[in-house]
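Close look at the chain arrangement
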Amino acid sequence: SDVYKRQNLWLSHTLGKDLATVSKWCTNTAQPSLEALHIIADCLKIDVRTLINPNDAVMASEPDAEYISAKGKRP
């Protein structure tokens, strides 16, 4: 969809990555490195565990957990 493409475009610009690379990550035809996952999580202001294991168990187990970026800073 158009919204999906815009979101991928935003992420590719934010990360300085090719749109095709981001699209492959989003469709799971390729996987980003662990370092890239941390950077993506920082950009999206989410816990990196959500990207690694995107099921409700991670979020449900720690609903009040405070997110701290890979750089040790709060978003």
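First things first, this report covers the structure right here in the doc. All values derive from a computational prediction rather than experimental measurement.

So, how was this worked out
- Counting starts from 1 at the beginning of each chain's written sequence and moves along it residue by residue.
- Only residues with pLDDT of 70 or above have their local features reported here, since the model is predicted, and side-chain atom pairs are shown and tallied only from 80 upward, although totals for entire chains, interfaces and linings are computed over all residues.
- To obtain the side-chain values, all non-hydrogen atoms of the structure were included, while hydrogens and water were left out.
- Only runs of H or I of at least four residues qualify as helices and only runs of E of at least two qualify as strands under DSSP, and these elements are numbered from the N terminus.
- Buried Ala, Val, Leu, Ile, Met, Phe, Trp, Tyr and Cys residues that are joined via side-chain atoms within 4.5 Å together make up what is termed a nonpolar core.
- A 1.4 Å probe rolled over the protein chains alone gives each residue an accessible area, and that area as a share of the maximum for its type sets the label: buried under 20%, exposed over 50%, partly exposed in between.
- Residues count as neighbours in contact if any of their non-hydrogen atoms are within 4.5 Å of one another.

1. With respect to the environment of D18
- Relative to the assigned elements, D18 resides in the loop between helix 1 (2-15) and helix 2 (19-26).
- Along the primary structure D18 and N8 are separated by 10 residues, whereas in three dimensions their C-alpha atoms are 9.8 Å apart.

2. Focus: the nonpolar core
- Membership of the largest hydrophobic core is limited to six residues, which are L11, L15, V22, W25, A36 and I40.
- Looking at this core, the elements that each hand over two or more residues are helix 1, helix 2 and helix 3 (34-44).
- Apart from residues lying up to four places away in sequence, I40 is in contact with L11, L15, W25, P32 and L51.

3. Focus on unusual backbone geometry
- One non-glycine residue with positive phi stands out, namely N28, at about 65°.
- We note that K45 has phi near 55°; this positive angle belongs to a residue other than glycine.
- Structurally, K45 is set in the loop between helix 3 and helix 4 (48-52).

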